[in-house]
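One-letter residues, chain by chain:
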Amino acid sequence: MLLTGQVISDRLQLNDKDINLNPDTLKTQITTASRSKKYLEDLPVTVFIISRKEILEGGFTTLTDVLKSAPGNKVSQPGSALDGESFLMNGLYGNYYAKILIDGIPIQPSVVSGMPIAEQIPIRQAERIEIIYGPAAALYGGDALAGVINIIMNSNDRPVWAQSDISLGSNGYYNMNVMIGGKVGKNKNVVSYDFFGSYGKRSDMNVKYDVTGNYNPALYDSSYLNQPYYRGENNKPEFGNLPQQSNLLGFGLKYRGLQFRYMHMYRNTHSSIGLTPDLVGYYDPRNYWGENIDRVSLSYTKTWAKLSSRTNFSYLIYRLDNLSSYRYISDRGDRGVAYYYAASDDVMLEEVLNYAPNADLEITGGLSAQASGNLPRTNDLQEPFPTDAYTPFADEVKYNDSAFGNFGINPVNFYNIGAFMQLYYKFGRFTMLAGGRWDEHSIYGSQLSPRIGLKYIPEGKFSFKVNYGVGLRSPSLYYSYYSVAYRQTGEKTYEYIPNENIDPEKFQSLETGMEVKASDKIDIELLFTYHRLSKNLTSTLSVINYDLYPEASNFVALSYINDQNSEAVLYSGEARLRFKEVLLRPKLNADLFIKYSKGKEILPNNYGNIDRYRNVPKWFGQFNMDLYPTKKWKMEFHNVLSGKTAKRFFPAPPAALEAIGWPTTVEGYYTLDWINRVSINRNFQAFLNITNVFNAKYGGIDAYGNGYDLYYNPQYGRNFRLGLNFILE
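Residues numbered from 1 in each chain as written. Predicted model: local features only at pLDDT ≥ 70, side-chain atom pairs only at ≥ 80, totals over all residues. Heavy atoms only, no water.

## Some thoughts on the overall build of the protein
Working step 1: Secondary structure summary: the protein contains 6 helices and 42 strands in total.
Working step 2: What you see for the protein is a C-alpha radius of gyration of 25 Å, in line with the 27 Å of a compact globule of 729 residues.
Working step 3: When the backbone C-alpha atoms are referred to their principal axes, the protein occupies close to 75 × 55 × 55 Å.
Working step 4: Nonlocal contacts in the protein, meaning residues at least 24 apart in sequence, comprise 66% of its contacts between residues at least 6 apart.
Working step 5: Surface accessibility of the protein: about 28500 Å² in total, with carbon and sulfur atoms responsible for 56%. (Helix = DSSP H or I, 4+ residues; strand = E, 2+ residues; numbered from the N terminus. Rg over C-alpha atoms; globule rule 2.2 N^0.38 Å. Contact = heavy atoms within 4.5 Å. Areas by Shrake-Rupley, 256 points an atom, 1.4 Å probe, with all protein chains shown as cover.)

## What about the pattern of salt bridges?
Working step 1: Applying the stated criterion to the full structure yields 32 salt bridges.
Working step 2: For Glu 57, the salt bridge goes to Lys 634, with nearest N and O atoms at 2.8 Å. One end of the pair, Glu 57, is in helix 1 (residues 52-58); the other, Lys 634, is in strand 37 (residues 633-642), and 577 residues separate them in sequence.
Working step 3: Taking relative accessible area as the criterion, Glu 57 reaches 9% and is therefore assigned buried.
Working step 4: Between Lys 465 and Glu 525 there is a salt bridge, with the nearest N and O atoms lying 2.9 Å from each other. (Salt bridge = Lys/Arg side-chain N within 4 Å of Asp/Glu carboxyl O. Buried < 20%, exposed > 50% of the residue type's maximum accessible area, 1.4 Å probe, protein only.)

## Some remarks on the pairing of strand 37
Each regular strand shows side chains that alternate between the opposite faces of the sheet.
Working step 1: The buried count for strand 37 comes to 8 of 10 residues, which makes it a mostly enclosed element.
Working step 2: Pairing between strand 36 (residues 619-630) and strand 37: 9 bridges, direction antiparallel. Counterpart to Met 625 in the pairing with strand 37 is Phe 637. (Pairing = 2+ DSSP bridges.)

## Comments concerning a nonpolar patch on the surface
Working step 1: Taken together, the side chains of Tyr 425, Phe 427, Phe 430, Ile 452, Leu 454, Val 466, Tyr 468 and Leu 510 make up a nonpolar region of the molecular surface, amounting to roughly 610 Å² of accessible area.
Working step 2: Among the secondary structure elements, Tyr 468 is positioned in strand 28 (residues 462-473).
Working step 3: With relative accessibility at 34%, the residue Tyr 468 sits in the partly exposed group. (Patch = residues over 30% accessible without salt bridge, like charges linked within 9 Å, V, L, I, M, F, W, Y side chains within 5 Å.)

## Thoughts on the environment of Ser 246
Working step 1: Residue position: Ser 246 is located in strand 17 (residues 244-255).
Working step 2: Classification of Ser 246 as buried rests on a relative accessible area of 6%.
Working step 3: A sequence separation of 367 residues divides Ser 246 from Tyr 613, and the C-alpha atoms of the two residues are 33 Å apart.
Working step 4: Dropping the residues within four chain positions of it, Ser 246 is found in contact with Ala 118, Glu 119, Gln 120, Ser 198, Tyr 199, Gly 200, Tyr 266 and Arg 267.
Working step 5: Of the polar contacts made by the side chain of Ser 246, one reaches the backbone nitrogen of Glu 119; its length is 3.4 Å. (Polar contact = N/O pair within 3.5 Å; in protein donor to acceptor, adjacent residues only side chain to side chain.)

## A short note on the nonpolar core
General note: in soluble globular proteins, nonpolar side chains tend to be found buried as a group.
Working step 1: Core analysis: the largest hydrophobic core is formed by 104 residues, its most contacted members being Ile 123, Ile 129, Ile 131, Ile 149, Ile 151, Tyr 326 and Phe 385.
Working step 2: Broken down by element, this core gets its largest block of residues, 4 residues, from strand 10 (residues 126-133).
Working step 3: Ignoring any residue separated from it by four or fewer positions in sequence, one finds Ile 129 in contact with Phe 48, Ile 49, Ile 50, Ile 55, Val 66, Ile 123, Ile 149, Asn 150 and Ile 151.
Working step 4: Membership of the second largest hydrophobic core comes to 17 residues, among which are Val 47, Leu 139, Ala 144 and Val 352. (Core = buried A, V, L, I, M, F, W, Y, C linked by side-chain atoms within 4.5 Å.)

## Some remarks on the sheet that holds strand 11 (residues 147-153)
Working step 1: Overall, mixed pairing links the 5 strands, which are arranged 4-10-11-8-9 in an open sheet. Whereas interior strands pair on both sides, the edge strands pair on one side only; in this sheet they are strand 4 (46-51) and strand 9 (105-106).
Working step 2: Inspection of the sheet shows strand 8 (residues 98-102) paired to strand 9 by 2 bridges, in the antiparallel sense. Looking at the pairing, Leu 101 lines up with Pro 106 of strand 9.

## Comments concerning the sheet that holds strand 6 (residues 84-89)
Working step 1: Read from one edge of the open sheet, 3 strands run 5-6-7, paired in antiparallel fashion. Two strands bound the open sheet, and with one partner strand each, they are strand 5 (74-80) and strand 7 (92-93).
Working step 2: Looking at chain direction, strand 6 and strand 7 are connected through 2 bridges and run antiparallel. The residue bridging Leu 88 from the neighbouring strand is Tyr 93, located in strand 7.

## Considering the environment of Gln 382
Working step 1: Structurally, Gln 382 can be placed in the loop between strand 24 (361-375) and strand 25 (412-427).
Working step 2: The exposure class of Gln 382 is partly exposed, given its relative accessible area of 35%.
Working step 3: On a C-alpha basis, the gap between Gln 382 and Met 205 in space is 28 Å, while along the polypeptide they are 177 residues apart.
Working step 4: Excluding residues that lie within four positions of it along the chain, Gln 382 makes contacts with Gly 333, Asp 334, Tyr 339, Asp 401 and Ser 402.

## Some remarks on unusual backbone geometry
Working step 1: With an omega dihedral of 5°, the bond running from Gln 77 to Pro 78 counts as a cis peptide bond.
Working step 2: A positive phi angle, near 55°, is found at Asn 90, a position not held by glycine.
Working step 3: Here Asn 90 lies in the loop between strand 6 and strand 7.
Working step 4: Even without being a glycine, Asn 606 presents a positive backbone phi close to 55°.
Working step 5: Inspection of the secondary structure assignment puts Asn 606 in the loop between strand 34 (587-602) and strand 35 (609-610).
Working step 6: Here Asn 606 falls in the exposed class, since its relative accessible area comes to 70%.

## Describing the environment of Gly 274
Working step 1: Considering the arrangement of structural elements, one finds Gly 274 in the loop between strand 18 (258-270) and strand 19 (288-303).
Working step 2: Distance in space between the C-alpha atoms of Gly 274 and Asp 165 is 31 Å, their sequence separation being 109 residues.
Working step 3: Once residues within four sequence positions are removed from consideration, Gly 274 is found in contact with Tyr 282, Ala 703, Tyr 708, Asp 709, Leu 710 and Asn 713.

## Topic: the pairing of strand 10
Working step 1: By the criterion of burial, strand 10 is predominantly enclosed, with 8 of the 8 residues buried.
Working step 2: Where strand 4 lies against strand 10, 6 bridges are found, and the strand directions are antiparallel. Residue pairing across strands places Phe 48 opposite Ile 131, the latter belonging to strand 10.
Working step 3: As paired elements, strand 10 and strand 11 share 7 bridges and run antiparallel to each other. For Ile 131, the partnering residue across the bridge sits in strand 11 and is Ile 149.

## A look at the packing of aromatic side chains
Working step 1: Applying the stated criterion to the full structure yields 40 aromatic pairs.
Working step 2: Summarising the aromatic geometry, the rings of Tyr 496 and Tyr 560 are spaced 5.8 Å apart at their centres and angled 20° between planes, so their arrangement reads as stacked. Taken together, the residues Tyr 496 in strand 30 (residues 491-496) and Tyr 560 in strand 33 (residues 556-584) connect sequence positions 64 residues apart. The exposure classification of Tyr 496 matches that of Tyr 560, with both residues buried.
Working step 3: Among the aromatic side chains, those forming a connected cluster through ring pairs are Tyr 96, Tyr 97, Tyr 478, Tyr 479, Tyr 482, Tyr 496 and Tyr 560.
Working step 4: One residue, Arg 332, lies across the ring of Tyr 328, its end atom 3.8 Å from the ring centre. (Phe/Tyr/Trp six-rings, centres within 6.5 Å; stacked < 30°, edge-to-face > 60°. Lys NZ or Arg CZ within 6 Å of the ring centre and 35° of its normal.)

## A word on the side chain of Ser 509
Working step 1: Here Ser 509 lies in strand 31 (residues 505-517).
Working step 2: Residue class for Ser 509 comes out buried when judged on its relative accessible area of 10%.
Working step 3: Apart from residues no more than four positions distant in its own chain, Ser 509 is found in contact with Pro 135, Asn 467, Tyr 468, Gly 469, Tyr 530 and His 531.

Okay, structure coming up:
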């Protein structure tokens, strides 16, 4: 539900546990947008808050489930093996350009191409999720260009509390979640604790349709029948099960202002998802991409009369499952199976201070330091990587591939030191939020990200806001050291070679809007945004240096670079309407979101101009409705309508692709999700969720943004889930 203006809708069903409420004014307080508690109604930002009640009643198990219900986010389920489920936020690829936090501390490893998303992230264990739209680099750094998503873990003041749920579904789906907590001690010497975990699996992803069309290998290349590990017919590859699995385990302790939390997150998904069948096979369920993420975090908060302090420490460990592999149809790796490995260790320390001499003025400042050790994704390996060959923050790895030596083995260490300051000032009917952040990256140098926002609240039911921000996104080392080489007919082919000289991308954004409380039952927001992304990261051909690669049989290879001439510009206008209790019997609430976008791009690699913004539809709409047929039965209907989009990647100029029949767009779609929940008693609820009710067959966000993407990335067909939820409080 969207929280804007001076209103908190009863439809949200939020209380002082879900969101910080001032009991005198009933104004909403959030922390993510300004790094301190502020009344949402005073901030010149666009915020969406999902309450714990809504997460549980909606049956959300992944972050993309949550984002799909929030306005303006286009999601892809599935997305790719590397990033799991994916999403667009403000027109940008959210797994890469949005910053994801748990309790205000980042969880994205520095070595990945984007945050991997599945059921391993603690969504059902969240007290609330705060979604901040628009660039937040001035507070959080350059990986927050699209916005910030803060998952705030559940807490409770009761001596003992618990929640759990279990569900079964179509295609061999199974999910179980549990969280148990309480407190011990007396007076001020109270220790709060919680333990949580989840396990989920899907035996087969329901994406195997349009097999002789979208999956037809003849559409992509004519040599597939000559490859030794291709299985299938001339126009239809063989399919096996396409499984996925996730699990989560963690616990937390809190004593006064000190909070400790540990969590282990694991997920894997079939590695062929979204890729062309002239490259990979879909018949072997044993080929997957998976990773382990472990995080230890420690926070300490102290408040005085006018000054408050928060100290954050975290150690984030990422290890790619060393059995992660692709099943190629050509003779790569070990008889078509190539293994991979990657690792990172990120140690972060941050200090945030807030000084508020009065209610209308606050100065927030902070310092952060991060030290990271990376082993970016390796080249194709003929056998699983020996995990003990890499140690954290190592300068070298004692491993040589039998075919390519140490090519693709690139351990790198770096640090980043950051400082930010922000001014919050209320004067008359105006509120100003202004500040900036400076970062010094040991590889990419200095970066400055300013932001200024202003909100005006005149008498009556209106408010106006404007927000401008600039940010620089340093590339992940995944792209800098991306390496692919393999033997082909006995010769060494280098497809991708590393490029350490990549610069940050530059992003500028301007947002202006108006909020209107039309009546006690209708709230309206109009929003207009502009953004420009330049120095785009892309892959391009470059001449191979034979001094570095003397055995290369090819003379050009791909590398990731910044295209200095490329830019992407997006203009958007959107309307958001919230209707509260438009019917009393049955009780009916509704949210309507409509967005029109107009973009233009100067494509990388001198491929010309297009009058579109890749991935973004011109028209995008959402209509969510909930009603209560009886006092104990709640139904929700989530409708999404998306127009046609330009593809994420063009391997050649669009006109040339269209001339040979290669698609440059992905068709639009309509989907409906139907959620039913029945209260059995105060502790138990039963639910039935049907996603994609009409079994629409459509494409999501392209999996990788390269020449190996399918014509469209098939999304889940109709799925049923039946389950039981238990809460003890």
